[in-house]
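So the chains spell out like this:
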Amino acid sequence: MTVTGNLTRDPQRRLSTKTGEPFAVMAVAVNNRRYDKSVGQWITTGTTYFDLLCWGPMGANALSTFRKGDPVIVHGRFRLNEWTSEKGSGTNATLDVESIGPDVSFGTAPFTRGNVDWGLDRVGEYNPGEDDPEHGELPADAVADPDDLESYTDEDGVVDDEAAEEVLARIA
């Protein structure tokens, strides 16, 4: 499921009761909007709230990146989370986040490659042009510049299947 909306609070660091691993918790408000022909404008017909759970390095990055009010685009696995407390019980709509980023529909956002740890110190930089020990060495002839693909196109700018397979094999 993918949603867009605004964060309703600053991200919070929590610890898993099962594993003790840290994760980030946020909440997003998604406005339900429709175009009203009678007044000639978009109107909000309600708001749906989702809890967002971000695990691993993405959670630490989210904790360091986002603040209350930030517009975000979130993709994740939807589930209903039932809860009980002294105040009663209820059900929350929850997304186990697979991907989250700023929604640049209404503004700009800087991006810095790499990760932070849960202490919010920078622990790694990511440069796709360098060797990556986790994924192995890049091939010496890997295509890093999209302009290099011109040599594989015909006069109409179309890449044939054989050339496309060769390019994909080189950059995989």
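Residues numbered from 1 in each chain as written. Predicted model: local features only at pLDDT ≥ 70, side-chain atom pairs only at ≥ 80, totals over all residues. Heavy atoms only, no water.

This part is about the packing of aromatic side chains. Counted by the stated rule, this structure contains three aromatic pairs. Centroid distance Phe50 to Phe78: 6.3 Å. Interplanar angle 80°. Geometry classified as edge-to-face. Placement of the pair is Phe50 in strand 4 (residues 41–55) and Phe78 in strand 5 (residues 71–85), with a sequence separation of 28 residues. (Phe/Tyr/Trp six-rings, centres within 6.5 Å; stacked < 30°, edge-to-face > 60°. Helix = DSSP H or I, 4+ residues; strand = E, 2+ residues; numbered from the N terminus.)

Turning next to helix 1 (residues 56–65). Taken together, the buried positions of helix 1 are occupied by Gly59, Ala60, Ala62 and Leu63. Each buried residue of helix 1 sits inside an arc of 160° when the element is viewed along its axis, so together they form one side. Summarising the contacts, the buried residues of helix 1 are in contact with strand 2 (12–15), strand 3 (22–36), strand 4 and strand 7 (115–116). (Buried < 20%, exposed > 50% of the residue type's maximum accessible area, 1.4 Å probe, protein only. Arc of directions from axis to C-beta. Contact = heavy atoms within 4.5 Å.)

As a further point, take the pattern of salt bridges. Enumeration according to the criterion identifies two salt bridges in this entry. Across the salt bridge formed by Arg77 and Glu98, the nearest N and O atoms sit 2.8 Å from each other. Taken together, the residues span a long stretch of sequence, with Arg77 in strand 5 and Glu98 in strand 6 (residues 88–102) at a distance of 21 residues. For Asp96, the salt bridge goes to Arg79, with nearest N and O atoms at 2.8 Å. With Asp96 in strand 6 and Arg79 in strand 5, this residue pair connects regions lying 17 residues apart in the sequence. (Salt bridge = Lys/Arg side-chain N within 4 Å of Asp/Glu carboxyl O.)

The share of residues in the protein chain with pLDDT of 70 or more is 69%, and the mean pLDDT across the chain is 79. For the protein chain, helix 2 (residues 161–171) is the element with the lowest average pLDDT, namely 53, and strand 1 (residues 2–7) is the one with the highest, namely 96. Low pLDDT, under 50, characterises residues 126–149; the predicted model gives this stretch 18 contacts beyond four residues in sequence or across chains. (pLDDT = per-residue confidence, 0-100.)

Within a regular strand, the side chains alternate between the two sheet faces. Two strands pair when backbone bridges link them, and strand 3 and strand 4 are joined in this way by 14 bridges, in the antiparallel orientation. By the bridge assignment for strand 4, Val28 is matched with Phe50. With antiparallel pairing between neighbouring strands as the criterion, strand 3 and strand 4 make up a hairpin whose turn holds four residues, including Gly40 at a positive phi of roughly 70°. Inspection of the sheet shows strand 4 paired to strand 6 by three bridges, in the parallel sense. (Pairing = 2+ DSSP bridges.)

This part covers the side chain of Asp103. Residue position: Asp103 is located in the loop between strand 6 and strand 7. The side chain of Asp103 sits in the buried core without any salt bridge; Arg33 is the nearest counter-charge, 11 Å away. At a separation of 2.6 Å, a polar atom in the side chain of Asp103 contacts the side chain of Ser105. Aside from chain neighbours lying at most four places away, what touches Asp103 is Thr4, Pro71, Val72 and Ile73. (Lys, Arg positive; Asp, Glu negative; His and termini not counted. Polar contact = N/O pair within 3.5 Å; in protein donor to acceptor, adjacent residues only side chain to side chain.)

Now for the environment of Asn61. Along the polypeptide, Asn61 turns up in helix 1. For the pair Asn61 and Asn115, spaced 54 residues apart in sequence, the C-alpha to C-alpha distance is 6.1 Å. Those residues in contact with Asn61 that sit more than four places away from it in its chain are Gly114, Asn115 and Val116. Within the local environment of Asn61, its side chain forms a polar contact with the backbone nitrogen of Val116, the two atoms lying 3.0 Å apart.

Quick look at the environment of Arg13 now. For Arg13, the location among the structural elements is in strand 2. Given the relative accessible area of 45%, Arg13 is considered partly exposed. The sequence separation of Arg13 and Trp118 amounts to 105 residues, and the corresponding C-alpha distance is 8.4 Å. For Arg13, the residues in contact, after removing those within four places along its chain, are Pro22, Phe23, Leu63 and Trp118.

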